[in-house]
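# Topology and contacts: notes
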Amino acid sequence: MLKLLVSLISLLVLVNAKSILEPKIVRGDQVNISKFAHSVFLVINSAAGSYVCGSSVINQKILLTAAHCIDSCVNKCLGSAAFAGNADKRRGDKIPILGTAPHKNFDRSRIQNDIGLVLLENPLQLGKFVKRVALTRVAPPQSTGTVAGWGLVNEIQSTHTDYLHSVQQTIWNHEHCRKMLPTLPNGTLCAGDVQNQRYASEGDSGSALIINQYIQIGIVSYKRPDISRAIVVYTDVAYFYKWIQYNSKKLYFVTPSQIEPKIVSGYKTKIKSHPYSAALIIVQESSAYMCGASIVNQKVLLTAAHCFDDALNQKVKSRAHIGHVNKRIGHVIRISKLMIHPKYDTVAISCDIALAGLKKEIKFGRAINRVALAQRRHRAGPALIAGWGLLEEDPHRDTEFLHETGQRVWPKRDCVKLLIEIPNGTFCGGEGPAGGYPSRGDSGSPLIIDGYMQIGLVSFKEMNISTSVIIYTDITYYYKWITKNAKAVFCG
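Small disclaimer: the values here were computed from a predicted structure and weren't measured.

## A few points about the overall build of the protein chain
Helix and strand counts for the protein chain stand at five helices and 32 strands. Counting the 492 residues in the protein chain, one finds 61% classified as buried. Residue pairs at least 24 apart in sequence account for 69% of intrachain contacts in the protein chain once pairs closer than 6 positions are excluded. As presented, the protein chain carries roughly 21,100 Å² of accessible surface, and 50% of it is formed by carbon and sulfur atoms.

The structure is reproduced here in structure tokens:
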């Protein structure tokens, strides 16, 4: 093993030689890939030799890893590959690596800015065994995390493994880390086992440190064995969030649509698959914007109250476009009446629900129909959303056509873990197996289960925590309010 200056050791392992950087999962537990479906095994071929690292899935074509894993393999890495979807690294789906992007300020001598991206030649098939991590600008406070990898399971005997292992880590505060490791670089955090028993090791470089089962807060970088073998320095993902966002766009040659919210990575769909969908165009004196809505009956639409924040304070002309996948071509009907929940709070974004009355009745058919409103509490699980919101956020790219994407409704305990607090009458959800989520222009759009049953409508998200986790207004919570007031709007 070659030691760097001041005994810095990274956790990378050569396939046919000794390692430069040393971490792995020592004395970890063998685990099923479904528990760590974000984990991807890398085999890198370079002029320095072949070596292995870990990585995590950002989107279908981009992986997140440590810069020291890929800095000797810039641009095309001939013969390098990623293996995903199996706890046995030899049996994972093999995808060639098309390109890499280590941080331009990565310093191998000091192991600073130790972060990089890997571009795959072919897209991953997301599902039960291959899932994306959630990246956040501000990680929620946690005392423990988990790291999984294919590194050494015994350092003394240099015992390798073909199987994924995981271990829990104690996350140290920055002040405590500095006392142990005075030269700790900016943009890092440290974690480990104070009893020197279980930790990341050789071959685990680039692997993800996870909290709450899906939120990545760190990347295995290096350790100082002259101080402690069990204390591992991790690259801080939140510190480099903007770098990840910008460079995934640059590497992928598109915007970081899988990192930022919207009906991102959604699929163009047919209006007959979502005949209850309506596009709302709200025109103010100096601007116009769009929301989504669902058809409750022949004259009433259901949407978010915040779509009409300014409607009561100035002259606003609103209209609904229905019956066509192209929002510009559908039937256009003016909105003549609004019913905003009386307890709607613009600051807390609570009671974010409203009814819009149409000037004339609509005729139902294959392309226009009402939605069914859920009366009973729904379980966490898959759902579907469709809307006309942004397809890209940086730069903005609108669409004229309806797009859909799968969502996963979260248990309330998971929402609270991430978001700390959510308003009464709401629930949260995130990306489904194929990725994608709502964005600007999708507010008020219905969240659907069983093909026709509306359980929620798009309300808001906490951008400083996650751009892909959406807060939905709960239809069952407001069912009586909707049915009572829909009659009043219809008759009024």
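## Considerations on the side chain of Ser 55
Within the fold, Ser 55 resides in strand β5 (residues 49-57). Exposure remark for Ser 55: the relative accessible area of 3% places this residue in the buried category. Not counting the four nearest positions on each side in its chain, Ser 55 is found in contact with His 38, Ser 39, Val 40, Leu 42, Leu 63, Leu 64, Thr 65, Gly 206 and Ser 207.

## Quick word on the state of the cysteines
For the coordinates displayed, the defined rule picks out four disulfides. The residue that forms a disulfide with Cys 53 is Cys 69, at a sulfur-sulfur distance of 2.1 Å. Every disulfide takes its handedness from the sign of the S-S torsion; for Cys 53 and Cys 69 that torsion is -90°, giving left-handed. Here the residue Cys 53 occupies a position in strand β5, and Cys 69 occupies one in helix α1 (residues 67-70), the gap between them amounting to 16 residues. Using a relative accessible area of 0% as the deciding quantity, one classes Cys 53 as buried.

## Structural notes on the packing of aromatic side chains
Tallied over the entire structure, the rule returns six aromatic pairs. Ring geometry for Tyr 477 and Tyr 478: centres 4.9 Å apart, planes at 70°, overall edge-to-face. The class for Tyr 478 is buried, based on a relative accessible area of 4%. Members of the aromatic cluster, each reached through a chain of ring pairs, are Phe 41, Phe 83 and Trp 150. When the ring centre of Phe 401 is taken as reference, the NZ or CZ atom of Lys 268 above it lies at 3.9 Å.

## Points about unusual backbone geometry
Of note in this structure, Ile 111 is not a glycine but carries a positive phi near 55°. Position of Ile 111 relative to the elements: it lies in the loop between β8 (93-102) and β9 (116-120). With relative accessibility at 2%, the residue Ile 111 sits in the buried group. Positive phi values are uncommon outside glycine, yet Ile 349 reaches one of about 50°. If you trace the backbone, Ile 349 turns up in the loop between β22 (331-340) and β23 (354-358).

## Looking at the sheet that holds strand β20 (residues 300-303)
In any sheet, the strands associate via hydrogen bonds between backbone groups, in a parallel or an antiparallel arrangement. Strand order around the closed barrel formed by six strands is β18-β19-β20-β23-β22-β21, with antiparallel pairing between neighbours. Put simply, the sheet's adjacent strands are angled 40° from each other on average, direction ignored. Packed onto the sheet, helix α5 (residues 479-491) meets β19 (288-297), β20, β22 and β23 and runs at close to 25° relative to β23.

## A short note on helix α4 (residues 412-419)
Among all positions of α4, only Asp 414, Cys 415, Leu 418 and Leu 419 are buried. One face of α4 carries all of its buried residues, which in axial projection span an arc of 110°. Residues Lys 412 and Arg 413 are exposed on α4 and point more than 90 degrees away from its buried face. Looking at the buried positions of α4, the neighbouring elements they touch are β15 (215-223), β29 (426-431) and β32 (470-474). Of the residues flanking the end of α4, it is Ile 420, one or two places downstream, whose phi is positive at about 70°.

## Some words on α5
Taking 1.5 Å of rise per residue, 13 residues should cover 18 Å, and α5 covers 19 Å from first to last C-alpha, within 8% of that figure. Here α5 has its buried residues at Trp 481, Ile 482, Asn 485, Ala 486 and Val 489. Where α5 is buried, its residues meet β19, β20, β22, β23 and β24 (372-373).

Parameters at a glance
- Residues numbered from 1 in each chain as written.
- Predicted model: local features only at pLDDT ≥ 70, side-chain atom pairs only at ≥ 80, totals over all residues.
- Heavy atoms only, no water.
- Helix = DSSP H or I, 4+ residues; strand = E, 2+ residues; numbered from the N terminus.
- Buried < 20%, exposed > 50% of the residue type's maximum accessible area, 1.4 Å probe, protein only.
- Contact = heavy atoms within 4.5 Å.
- Areas by Shrake-Rupley, 256 points an atom, 1.4 Å probe, with all protein chains shown as cover.
- Disulfide = S-S within 2.5 Å.
- Phe/Tyr/Trp six-rings, centres within 6.5 Å; stacked < 30°, edge-to-face > 60°.
- Lys NZ or Arg CZ within 6 Å of the ring centre and 35° of its normal.
- Pairing = 2+ DSSP bridges.
- Axes fitted to C-alpha atoms, helices over the stretch in contact; angles between N-to-C directions.
- Arc of directions from axis to C-beta.
- Expected span 1.5 Å × (residues − 1).

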